[in-house]
Amino acid sequence: MINDLKAFLWETPGAPRENRQLNKGAIYLLLVVVALVLGLNWPIMATGLKSVTPIWMGVFRVVGAGLVFFIIVSSSGNLRLPPARDLPVIASLAIFRLAGVFILVFTALQLVPAGRSSVVVWTTSLWTVPIAAVFLGEKMSGRRWVGLMLGISGVIVLFEPWSLNWDEPGVTLGHGLLILAAISLAFTSVHIRGHRWTITPLESLPWQLTGAAIVLVLLGLAVDGIPEIDWTAQLVGVVLYQGLLASGIAFWAQIVVMRNLGAVSANLTLTAVPVVGVVSSAWLLGESITTTLTAGLILIVLGVALNLLTDHQPVEASPRVSGVI
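The sections below set out a description of the structure shown in this document. All of these numbers come straight from a predicted model, not from anything done at the bench.

### A word on the packing of aromatic side chains
With the rule as written, the count across this model stands at 5 aromatic pairs. For the ring pair Phe70 and Trp207, a centre distance of 5.4 Å and an interplane angle of 85° mean the geometry is edge-to-face. Here the residue Phe70 occupies a position in helix H3 (residues 54-75), and Trp207 occupies one in helix H9 (residues 201-223), the gap between them amounting to 137 residues. Judged by its relative accessible area of 22%, Trp207 falls in the partly exposed class. With 5.8 Å between their ring centres and 65° between their planes, Phe135 and Phe187 make a pair best called edge-to-face. One end of the pair, Phe135, is in helix H6 (residues 124-135); the other, Phe187, is in helix H8 (residues 169-194), with 52 residues separating them in the sequence. When its relative accessible area of 56% is taken as the criterion, Phe135 is described as exposed.

See the structure below:
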């Protein structure tokens, strides 16, 4: 298994499929690791945001991830400047999938508990379905409608409109920002699906992250100025976790595992991420696991799973790589 994992880490994106197969044990081990890394990331993000503004936390995250992907793509001999035809989609992903989503989520985490936030953002696959139907002409089957309705029902349960204090604008704003982040992820997922890449999406990642870093740095300087940060050991750990593990290794692991297992099966397994997010937030931050939170989580996971089981897109074309967050 160790040799399989080494092959996974240094896989060449253009290699023939028979040269990039891992045994099932290695695949599922990696999926478990990814689910744990991304799930634990929610309380870790919330902890870091007590010391760093949302924009600068986004800067640290994309810069760390960019270093990881420059090393990975360079080591495989596939680092090259993207051609002109790929620049619009790379810019779209840099601005809306990376920079924009990080700002929305990190801001919302200052208003909404981390566990609940992890569940709301996981609705991305639900919003992808109607967006793909409108822009790519994909059919809305009965099963997809049921999945969408289940997921939306879960979101409504999480909102608890019957008990919300609407005089507290932060509560509504936080949930709205999280849904906007999920919809932004869905739109860019459809953009990925509809684009004919000259280079592979993996080879474009260093440039996406570079673009996002430029946007976030300029925005951070304009809004917050040069940050004055008390670099404690805890905060250093949070920043390293964000850039190297959550955005770097975990995302790379998803891409490679999906080539070996398939996007649908992998993402069904990764529905464990919001579950880990809820449990770890209760454990590390003392958040309550309420009945409504549990019910909303179950409905959303069922809705996502139903839509994934209905998805017949080819593995390489599927946009449902769930883990920029």
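Alright, that's what it looks like, and here's the rest.
### Focus: helix H12 (residues 272-285)
Between the first and last C-alpha of H12 there are 19 Å, a value that for 14 residues agrees with the 20 Å anticipated at 1.5 Å per step. Residues Val273, Pro274, Val276, Gly277, Val278, Ser280 and Ser281 constitute the buried set of H12. In the core, the buried residues of H12 are packed alongside helix H2 (24-48), helix H5 (114-121) and helix H13 (291-310). Directly beyond the C-terminal end of H12, a positive phi value near 75° is found at Gly286.

### Thoughts on the packing of H3 against H9
As a packed pair, H3 and H9 sit with axes 8 Å apart at the nearest point and diverge in direction by 155°. The angle between the axes of H3 and H9 places the two elements in the roughly antiparallel class. Between H3 and H9 lies a crossing whose hand is left-handed. Looking at the contact of H3 with H9, its residues break down into 21 nonpolar, 4 polar and 1 charged.

### Notes on a nonpolar patch on the surface
Residues Trp231, Val236, Leu240, Leu244, Leu245 and Ile249 make up a contiguous nonpolar surface patch of roughly 490 Å² in combined accessible area. Along the chain, Val236 turns up in helix H10 (residues 233-261).

### Points about the pattern of salt bridges
One pass over the full model with this rule turns up 1 salt bridge. With a shortest N-O distance of 3.9 Å, Arg80 and Glu203 are connected by a salt bridge. Of this pair, Arg80 sits in the loop between H3 and helix H4 (87-108) while Glu203 sits in helix H9, placing them 123 residues apart in sequence. Given the relative accessible area of 7%, Glu203 is considered buried.

### A few points about the environment of Ser92
With respect to the helices and strands, the residue Ser92 is situated in helix H4. Judged by its relative accessible area of 13%, Ser92 falls in the buried class. The spacing of Ser92 and Ile192 is 100 residues in sequence and 9.6 Å in space, taken between C-alpha atoms. Non-local contacts of Ser92, meaning those with residues more than four positions away in its chain, are made with Arg97, Thr188 and His191. Reaching out from Ser92, the side chain makes a polar contact with the side chain of His191 at a distance of 3.2 Å.

The rules we used
Residues numbered from 1 in each chain as written. Predicted model: local features only at pLDDT ≥ 70, side-chain atom pairs only at ≥ 80, totals over all residues. Heavy atoms only, no water. Phe/Tyr/Trp six-rings, centres within 6.5 Å; stacked < 30°, edge-to-face > 60°. Helix = DSSP H or I, 4+ residues; strand = E, 2+ residues; numbered from the N terminus. Buried < 20%, exposed > 50% of the residue type's maximum accessible area, 1.4 Å probe, protein only. Expected span 1.5 Å × (residues − 1). Contact = heavy atoms within 4.5 Å. Axes fitted to C-alpha atoms, helices over the stretch in contact; angles between N-to-C directions. Parallel < 35°, antiparallel > 145°, perpendicular 65-115°, else oblique. Left-handed = near helix turned anticlockwise from the far one by under 90°. Nonpolar A, V, L, I, M, F, W, Y, C, P; charged D, E, K, R; others polar. Patch = residues over 30% accessible without salt bridge, like charges linked within 9 Å, V, L, I, M, F, W, Y side chains within 5 Å. Areas by Shrake-Rupley, 256 points an atom, 1.4 Å probe, with all protein chains shown as cover. Salt bridge = Lys/Arg side-chain N within 4 Å of Asp/Glu carboxyl O. Polar contact = N/O pair within 3.5 Å; in protein donor to acceptor, adjacent residues only side chain to side chain.

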